[in-house]
Structure formats: C-alpha cells, structure tokens
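Results of the structural survey
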Amino acid sequence: MFAVHLLAFHFTKLKEDQIKKVDRYLYHMRLSDDVLLDVMARFQAEMVKGLGRDTNPTATVKMLPSFVRSLPDGSEKGDFLAVDLGGSQFRAHRVKVFDDGKQSSQLESKFYPTPKEVIQGNGAELFDYVADCLVDFIETKNLKHKKLPLGFTFSFPCKQTKLEEGVLLAWTKHFKVRGVQETDVVSSLRKALQKHKDIDVDVLALVNDTVGTMMTCGYDDQRCEVGLIIGTGTNACYMEEMRHIDLVEGDEGRMCINTEWGAFGDDGALDDLRTEFDRELDLGSLNPGKQLFEKMISSLYLGELVRLILLKMTKEGLLFNGKVSTALLTKGKIEMKHVSAMEKYKEGLSNTKEILTELNLFPSEEDCIAVQHVCTIVSFRSANLCAAALAAILTRLRENKKLLRMRTTVGIDGGLYKTHPQYAKRLHKVVRRLVPNCDVRFLLSVSGSGKGAAMVTAVAYRLAAQRKQIDAALAPFLLSLETLREVKNKMRTELEYGLKRETQAIATVKMLPTYVCGTPDGTEKGKFLALDLGGTNFRVLLVKIRSGRRRSVQMYNKIFAIPLEIMQGTGEELFDHIVQCIADFLEYMGIKGARLPLGFTFSFPCRQASIDKGTLVGWTKGFKATDCEGEDVVDMLREAIRRRNEFDLDIVAVVNDTVGTMMTCGYEDPNCEIGLIAGTGSNVCYMEDMKNIEIVEGNEGKMCINTEWGGFGDNGCIDNIRTKYDIEVDEGSLNPGKQRYEKMTSGMYLGEIVRQILIDLTKQGLLFRGQISESLTKRGIFETKFLSQIESDRLALLQVRRILQQLGLDSTCDDSIIVKEVCGAVSKRAAQLCGAGLAAIVEKKRENRGVEHLQITVGVDGTLYKLHPHFSRVLRETVKELAPQCDVTFMLSEDGSGKGAALITAVAKRLHNVGQK
C-alpha cells in the first residue's frame, strides 16, 4: 500500500515539475484576464476603424458588409441548393424548409474531396470542379427537372455590394488559386454552371461560412445574432446597426457584418503578444504577415505551433534527451487531431506516448507530461484570444441596444470547437468572465454553413415575396407627376365652381368670402382685443400695435378652459361663459372701462355676409351647444355682453384661423397673400380679385377667400386616388363622405390611415408575426405625433421600436423598418396632395395678375408643417414642380388666431376710416 502511495506521490511530483518547466518556458503564451481585457479593447477599436468610411482602407479587421439584412423568422419555406467551399472538403446540399409552424427543415448532403491541384491551381479549373460536383449531386438526387435557387458558401474574405456578388480580397487557409483575387466569384461560378446546359440553377446569395453558421442557428433560435467559426480558419460575424456602417448607403435596420477577424494584428497591434514561435510559423506559411490572429487560434496552425515549440525545447535538451527526429523537423507532421488526442482527459498521456513514438521520438514519462502541457497552453491561448475578441463583439451588441444586461445566442461551428476535448468549456468560461453582463447561449450549428447558405437564400426569397406584397399595399400612395398635375387641375376647376354664382351651391370647395379686403400696410396702430375659440381652451388677448419706425406688436393673453357641460350645453350658456372670461381678463389687465375694437377668431365653418357677421354652418371638434347652428355668432356674443351689462366692446371682425395666419405673415411681408393651415385640419385662404367673386357685389379691389378646401373631392372627383384605407378611415369617421381631401392631408387622419395599413399588412403575415394586438384594433391610437417621431432622421430603429412598444406593438427590427416606410408613404402623399392644391392657387394668383412670373409669399401654420421632419420639404418641392413660373416663399406664422385676429381688426378699422373720409 505504501509503495502505491509513494508511486502516486512520485508521479504527482514529476507532473508538477514538468508543468512548471513548460510554464516557465512558455510564459508569454499564458494570458491573464487583464491582458485579455486589453485585447478586447484593442479589438473594439479595430471594429470601429473597419466600419468607418475614412478609416476602413487602413483597417486590418475589414468588417465586410454581407448584405444579409434579416435573420430567419420561422416563416421561410421552399426547396434550396447550397454549395460550401472553404473547409477541408467541398460539400453540396439540398435543404427543404417547411412552413408547418414547427420550423422544420430537411438536409441532404454529399461530400467531395478538394484535391491539392484544384485548390492551388487556376480559377477556371476550381469553378469547373465546383460546377461538376454540383451537377453530380443534382443528378444523384434526381433534381435535373427543377429550377432551384442556390446559396454559395465561400469561406474567404470577399467585398460585397449586394447579396449575389462577391469580389475575393485574398485567399486564406491552404487555398492559393491563381487568377481569382479581385474578381467576382459568383459570376465565375455562374459561367462554369452555364457550360452544363441541362441544369437550371440560379445563384441567389453568396455567404461566408460564419454568416451561414449564424443563419443556421438563427433558424432554431431567433436570439442568435452572432456567428463564430473555430476550425481550419477562424472568423466571426454579427448583426450591426446600419447607421454605424459607413460603407453601405442607408441608416435603416441592421446588416450582418463579416468581421474577418483573422487579420487582426496584421498591422502590428498584437506584436507584444506574439512569440518567437508565432513569428517562425508565419514566415513558413503561404501568406507571411497576413492573418496573424488566425495563426494564433485556428486548427490549421496549432499543430505546427506545438511542433515548433517541441523542436526548440528538444534542441535545448529539455525534451527527448536532446535527440531530434527527422519527423520532428518536418513541417506539418503534428496536426490538430494529434493535439486534441494528446489533451484527452483520461487517455491523453497514452495517446501522447503513441503519437511521439510514431514521430520516432522515444519519449519518457516526463516527456509525455511536458508535451501534453505544451498542447494545453497552445490550445488554451487560442480559446482565450477567441474569447477576448468575441467579448468585444458582445459588448458592442449590448451597447448598440443600450441595454445594461443582454441575453443573446452565439451560433458556433468548426472542427476545433467541436472535436477538441476541452476547448468549448474553456471558451465559454472565459467569455462569461470577460462580459458578466451578457447572458450568452452557445448553440452548436448541427448542419453547418451549407444549410446556412440555404437559409440566407430562403430569407432572401421570403423578403422578396414580402417586398412584393408591401410594395403592392403602398403602390396607391405613390403619386406620379402626371397624377399630381391632374389633382392640381381638378382643384383649379373646383375653385372656379366655388366662385361662380350658378355653381357655388353645388361646389365642394365652398370659397367663402371673408370680407377681409386688405392686408396690413404697416400703418396699423392701437389697442385691440382678440378672442380665440376653436377647441377645448378659449383665449382672450390684448394686442398693442405700434406703427412707424418703432413698429411692433405686443401681446398679453390668458387661457380659460371650456368645461364639457358648457361645450355641449345651450348656446346661451356657452356665450355667457365666454363673456365671463372676457370680464375676468379686462379686470386682470385693468382696462374694463375702455371700448376696444375686437376680432373674434371662430374656427368653425361660418357663412359671412359682412366682416362682422358670421352664421355658424355646423359645429365640429366636439362642440354641440344648442340653438347656435344657423345663427349669427357675433349677434350671440353682443347679446351676452348686453346681458352682463358690465362693459361694451366694438366687435369689428369674425375671423377664420387660416385668414389670421395670412394676416400675421402679411404684417411682416407685404407680399404674403395666401394663408395655409397644415395641422390637425387643412385649409387655405388667399386674396382674390373682387371681379372674380360673383357671389359678392362689386368689382373693385380684393377680398380674402376662405376656400374650405378640405371638402375637395366630396363629389367623387378624386376617387381615382383614394385607397381602400382612405375609404375605411372615412367610413369610421364622425362625418362619412365629407372633407375627403382633408382626410388624406391633415394630421387628424394620417395616423388612422397608417393604422389601417398596419392591420392589413399584419393580416397578410408581413408584420408583428401576423398577430393583431388589441391596441392595434383601437381607433385613434396612432396619433400623428408618432408619425413625426418615427420618421425623424435622427431616430434609430431602436427608438422606433420603443415608440411601437409604448403603443403596445411588440415589433422586431424588420417590423420597425416596415412601419417607418408606411408612415413615410402616407405623410409624403399628404404633403404632395397639399402641394398640388396649393400649386392650383398660386397659378390662379399668377393669372389674376397677368404676369409671366409670380413672386408670392405663403403664410403657414399647423403642427404637421412645423413638426413633421419631411412634410414641409415635400410640400415646397411639389409646389415648385407643379407651378414652375411661381417663385413661392413659405413663411411660418406666429399665432395666426390671436395676433392675426387683432391685425384683421386693425386693417378693417383702417379701411373703414379711409372709407369714411
């Protein structure tokens, strides 16, 4: 018993001594966590360099865009071919993907050798060989009669400008084929396939094996957004935000980046970590100075590194009694399979003895322990370096998502990872230590990169089919120049109908006279009151206007709420409440005794018989006060003032907010003769020649016409451009069949149009995984402010997703892109239609003046124009396109309904005084 213990002690001591000896010898290969965190930081910096347009040319980590923009979502289906070139064997696959709700697929494969004369010969021979193997596979599987899409896995760095094209940058691993570098490998394969007239294969996607791995695993686990290969070569890919990829146009969505991390350190960035053995191995390789990181990690080189270390240790008398065998001097004699066998847990030492004996080295027990430990240090360093670079990628993903903690999956493949007894466990452990705030699942790719190429092709197929359906849904919103000209001409016709006595009654654009007969000329002065009623709040303003050199407008105002019971009570109660508010304001300002001129902005449809007479046509915006419709609102206000008997006011003008907008801008710019509201509602007014207004007596001068153009199309004249979504929105509104143009152009309705489109696309399975959430069924949920936010250029898709989540819509990255596109189509059409209408008005103004070229200013107000990121630009461009002889300046109005009402009152007083003289 004692003898056994003694033997065990002797062996343990022997083992410790040998391990210490090797540890001292290979001190530089053992990397601490601090060193690994430093490598991680260096790799992060390299990634940023590779993604930047200006820094990419000098970056070693090329960060190649793969043009794979979407991961599998489980709805892929079809029959696909794939070929896989780049590993130790060439493979052909057939992949069937079933849309059966279970995400199942079926893989059939055939392996072909890659003879040295092919992989180190010329390009034509290589691609002919690939085509011949594929034809053999097609014949074996009896697929000649079928036209099948093909995905091509090509595991070498390629520069891609689209999914089905790739220019080879450099051969790696043991490949060195002449005449292929700097050429498109897809067209070379197509050329080779065209020689076989009896098959019909369409190469749809070129995929790197790393991307293929991510896609294969992504089909089984939708959290998978990183692909990793640790085999003959090593590489990683991951899903990057488009806004960070300078090399590709567009900021929307994500794209898979093939890092080509094997070249990390080719600029000397890892020189402090490379040992004399790494340098010697590099000098003897096919590509000296290139792929230096790969040469420290991948299975193609680890066996050779072990050989070089053993050779030097033997020469120094530390192994095999200093006796070097011919085998140990021969390059490539120790392979990765040997390293893996020597590191096996139980039989490792006996394997070591056997392998070394085959190399004619006659090892002692000490030699076997030392050699085994050399293998461990070399393979452990590989796992450590790999973990550091992977940790950098995971950190970048987490930061892109702005998460404190992230759950994700890494799809992984490669012989070294799969077959080495300790590698996977070591890698996982180190990654989790370096990024404790990432919960990482490592998913082994079962069917390899070949299935991945088929998955990329399947996703491309699905996206192409979805694209067709989305394009079909949004096509009616794309208005040609011809269609917009048609709208402009129809608007012009309707404007004329509204102005003519015999057609005014049936006109949809009512062209209401406002009896405002001039714009400000700068001589207006005095104190004026303004009232502003148009929503749930009511404003009273005191406006002081000064003329001359110290020309200015000063305003003081107070806002009062209108309770629901008053909005929906009697007319008398409503106007008594208004007068109560005026009394409070006059008291507050200390001007109760003064009889001031007053302008009343009353933002409801009125028919005016003079500037101070306005008959309410009908309430809108939730008002329902009784005994008001058909009555003169000015008379009702006067009676309420009389009932209170506390003060008197000179009510000079009833004002529409659109006219107020024109007047406010007209005070700053005498050239302003048009007012536009593009907000919750949509309307335009403009100064028309009296001679053209048949419904008002007199031919001299001008009068402002409130077009009330929201009703354009109520007679069916623009039905050809109304979509099924517009009809849906109209039918669900408070006033079906009315205000059709407004329902296509104003903020109150755009969000609702978007909601209808989203429901339709979800029903077609194109959005939100085909699930219509409860919130999406709620009318009015999609406010127009969300359109403005979603379409903002500064907003990343992550923030779009957050907005959608606030609305109860759980969206993927792809969903967010589609929602943004839908919002863009709806708001662009709104701006174009608005522009077509406005072009009709500026053209009319030009003809009225009888000039070749018109210069005019449009005063604009409204949240849609002011806050939407693109509406104003598209509107301006459309007007320019449709009215090229008009030079139109757009001027933002400040407080058209308050300041504008006072200015209308001031102009009316000025004109009244002129008339009296």
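Refer to the preceding data block for the structure.
Below: a short report on this structure. (Residues numbered from 1 in each chain as written. Predicted model: local features only at pLDDT ≥ 70, side-chain atom pairs only at ≥ 80, totals over all residues. Heavy atoms only, no water.)

**Here we look at the packing of helix α2 (residues 33-51) against helix α13 (residues 365-400)**
In a pair of packed helices, the angle between the axes and the distance between the axes together describe the arrangement. Their axes nearest at 8 Å, the elements α2 and α13 cross at an angle of 55 degrees. Taken together, the axes of α2 and α13 lie oblique to each other. Here α2 runs over α13; the crossing is right-handed. Across the interface between the two elements, L36, V39, M40, F43, Q44, M47, V48 and L51 of α2 pack against N384, L385, A388, A389, A391, A392, I393, T395, R396 and E399 of α13. A breakdown of the residues in the contact of α2 with α13 according to their chemical character gives 13 nonpolar, three polar and two charged. (Axes fitted to C-alpha atoms, helices over the stretch in contact; angles between N-to-C directions. Helix = DSSP H or I, 4+ residues; strand = E, 2+ residues; numbered from the N terminus. Parallel < 35°, antiparallel > 145°, perpendicular 65-115°, else oblique. Left-handed = near helix turned anticlockwise from the far one by under 90°. Contact = heavy atoms within 4.5 Å. Nonpolar A, V, L, I, M, F, W, Y, C, P; charged D, E, K, R; others polar.)

**Some thoughts on the side chain of T723**
The residue T723 is located in the loop between β24 (702-706) and α22 (724-731) in this model. Here T723 falls in the buried class, since its relative accessible area comes to 5%. In contact with T723, not counting residues within four places along its chain, are P476, F477 and R829. (Buried < 20%, exposed > 50% of the residue type's maximum accessible area, 1.4 Å probe, protein only.)

**Things to note about the pairing of strand β19 (residues 606-610)**
With four bridges connecting them, β19 and strand β20 (residues 613-616) associate as antiparallel partners. In the sheet register, Q608 faces β20, and the bridge partner there is G614. In textbook terms, the turn of a hairpin is the stretch between consecutive antiparallel strands, and for β19 and β20 this stretch comprises two residues. (Pairing = 2+ DSSP bridges.)

**Examining the pattern of salt bridges**
This structure, assessed with the given rule, holds 65 salt bridges. For K490, the salt bridge is made with E486, and the minimal N-O distance between the two is 3.8 Å. Taken as a pair, K490 and E486 lie in helix α17 (residues 481-499) at a separation of four residues, close to a single helical turn. Judged by relative accessible area, E486 falls into the partly exposed class, the value being 35%. Two residues, E847 and R492, come together in a salt bridge whose shortest N-O distance is 2.9 Å. Of the two residues, E847 sits in helix α27 (residues 813-849) while R492 sits in helix α17, which places them 355 residues apart along the sequence. The exposure class assigned to E847 is partly exposed, which follows from its relative accessible area of 44%. Three or more residues are tied together by salt bridges with common partners; here these are R492, E496, K500, E688, K844 and E847. (Salt bridge = Lys/Arg side-chain N within 4 Å of Asp/Glu carboxyl O.)

**A closer look at the sheet that holds strand β2 (residues 78-85)**
Across the sheet, which stays open at both edges, the five strands sit in the order β4-β3-β2-β5-β8 with mixed pairing between neighbours. Two strands bound the open sheet, and with one partner strand each, they are β4 (104-113) and β8 (200-207). Between one strand and the next, the sheet's axes are offset by a mean angle of 25 degrees, whatever the strand orientation. Where β2 and strand β5 (residues 147-154) come together, five bridges link them in parallel fashion. Paired with L81 across the strands is L150, a residue of β5. Contacting β5 and β8, helix α5 (residues 185-194) runs over the sheet at an angle of about 160 degrees to β8. Those strands touched by helix α6 (residues 209-220) are β3 (89-98), β4, β5 and β8, and its axis lies near 95 degrees from that of β8.

**Concerning the environment of D669**
Here D669 is to be found in the loop between α21 (657-668) and β22 (672-678). Spatially, the C-alpha atoms of D669 and G522 are 9.9 Å apart, while their sequence positions differ by 147 residues. D669 has contacts with T857 and M891, leaving out every residue within four places of it along the chain.

**Here's the deal with the packing of aromatic side chains**
Counted under the stated rule, the structure contains 24 aromatic pairs. A centroid spacing of 5.8 Å and a plane angle of 65 degrees characterise the contact between F154 and W171, whose relative ring orientation is edge-to-face. One end of the pair, F154, is in strand β5; the other, W171, is in the loop between β7 (167-168) and α5, and 17 residues separate them in sequence. A relative accessible area of 1% means that F154 is categorised as buried. Members of the aromatic cluster, connected to one another through ring pairs, are F152, F154, F156, W171 and F175. Sitting over the face of the ring of Y667, R551 holds its NZ or CZ atom 4.2 Å from the ring centroid. If you follow K558 out to its NZ or CZ, it ends over the ring of Y588, 4.5 Å from the centre. (Phe/Tyr/Trp six-rings, centres within 6.5 Å; stacked < 30°, edge-to-face > 60°. Lys NZ or Arg CZ within 6 Å of the ring centre and 35° of its normal.)

**Section: a negative patch on the surface**
On the surface, a cluster of negative charge is made up of E565, E572, E573, D627, E631 and E639. Mapped onto the fold, E565 is located in helix α18 (residues 564-567). (Patch = residues over 30% accessible without salt bridge, like charges linked within 9 Å, V, L, I, M, F, W, Y side chains within 5 Å. Areas by Shrake-Rupley, 256 points an atom, 1.4 Å probe, with all protein chains shown as cover. Lys, Arg positive; Asp, Glu negative; His and termini not counted. Charge placed at Lys NZ, Arg CZ, Asp CG, Glu CD.)

**What to know about the environment of K96**
Relative to the elements of secondary structure, K96 occurs in strand β3. Distance in space between the C-alpha atoms of K96 and K77 is 7.5 Å, their sequence separation being 19 residues. Residues in contact with K96, not counting those within four places in the same chain, are G78, D79, S104, S105 and Q106.

**Brief notes about the environment of L247**
Tracing the backbone shows L247 in the loop between β10 (234-241) and β11 (254-258). With a relative accessible area of 36%, L247 lands in the partly exposed category. Taking the C-alpha atoms as reference points, L247 and D54, separated by 193 residues in sequence, lie 9.4 Å from one another. The residues contacting L247, other than those within four sequence positions of it, are G50, L51, G52, R53, N56, M63 and P65.

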